[in-house]
Amino acid sequence: MNSSEGMPKAKRSNSNPAQVCSFCGEKAAHEVLRSRSFGCGGKLIVIEDIPTMECSNCRETYYTGGTLKTLDSLLSNPARITKK
Ligand SMILES: [Zn+2]
């Protein structure tokens with residue numbers, strides 16, 4: 001796996017309690033880290049390790065408000081996430 005050097009590491013406990021899913025309302029959503037590609041001005045940007053809510057009941061995945069804000073700022077300033 002990647003050694004996330006230079007990346008700020010959020011302290012995360014191992015326990016990952018289920019949260020209420022925004023789609024089906026069941027307490028079955030867990031936060032997981034997923035990679036995702038975004039189209040951005042004709043370019044494709046891949047952002048790794050996005051905290052994503054994944055529901056084990058309805059299989060929906062979605063982002064919370066804070067994550068959306070972070071993605072927004074990353075996509076509006078792609079230089080920050082370009083890896084070379
Ligand atoms: Zn659900």
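The preceding data block contains the structure.
I will try to describe carefully the structure that is included in this document. (Residues numbered from 1 in each chain as written. Predicted model: local features only at pLDDT ≥ 70, side-chain atom pairs only at ≥ 80, totals over all residues.)

## As for the pairing of strand 2 (residues 27–40)
Note the cut-off: Two strands pair if DSSP finds at least two bridges between them. Numbering goes from the N terminus for both helices and strands, where a helix is a DSSP run of H or I of at least four residues and a strand is a run of E of at least two.
Taken together, the two bridges between strand 1 (residues 19–20) and strand 2 define a ladder with antiparallel strand orientation. Across the sheet, Val20 pairs through a bridge with Lys27, a residue of strand 2. What sits between strand 1 and strand 2 in their antiparallel hairpin is a turn of six residues, with Gly25 showing a positive phi close to 80°. As paired strands, strand 2 and strand 3 (residues 43–55) are joined by eleven bridges and run antiparallel to one another.

## Re the sheet that holds strand 4 (residues 61–62)
To be explicit about the condition: Residue pairs qualify as contacts under a 7 Å threshold applied to their C-beta atoms, which are placed from the backbone. Every axis in this analysis is a line fitted to C-alpha atoms, fitted for helices over the stretch in contact. Angles between the N-to-C directions lie between 0 and 180 degrees.
Strand order in the open sheet made by the four strands is 1-2-3-4, with antiparallel pairing throughout. In the strand order of this sheet, the two ends are held by strand 1 and strand 4, each with one partner. Packed onto the sheet, helix 1 (residues 65–76) meets strand 2 and strand 3 and runs at close to 175° relative to strand 3.

## With respect to the pairing of strand 3
What sits between strand 2 and strand 3 in their antiparallel hairpin is a turn of two residues, with Gly41 showing a positive phi close to 60°. Hairpin connection, strand 3 to strand 4: the antiparallel pair is bridged by five residues, and Arg59 has positive phi, about 70°.

## Remarks on unusual backbone geometry
Backbone phi values are negative for most residues with the exception of glycine, while trans is the configuration of most peptide bonds. The residue Asp49 is not glycine, and still its phi comes out positive at about 55°. For Asp49, the location among the structural elements is in strand 3. A positive phi angle is found at Arg59, which is not glycine, with a value near 70°. Structurally, Arg59 is set in the loop between strand 3 and strand 4.

## A few points about the environment of Ala18
Counted only if it meets this: To assign burial, the other C-beta atoms lying within 10 Å of each residue's own C-beta are counted, with C-beta atoms placed from the backbone; 20 or more indicates buried, 12 or fewer indicates exposed, and intermediate counts indicate partly exposed.
Within the element layout of this structure, Ala18 appears in the segment before strand 1. In this structure Ala18 comes out as partly exposed when scored by C-beta crowding, with 14 C-beta atoms within 10 Å. With ten residues separating them in the primary sequence, Ala18 and Ala28 have C-alpha atoms 5.3 Å apart. The contacts of Ala18, once residues within four sequence positions are left out, are Lys27, Ala28, Ala29 and His30.

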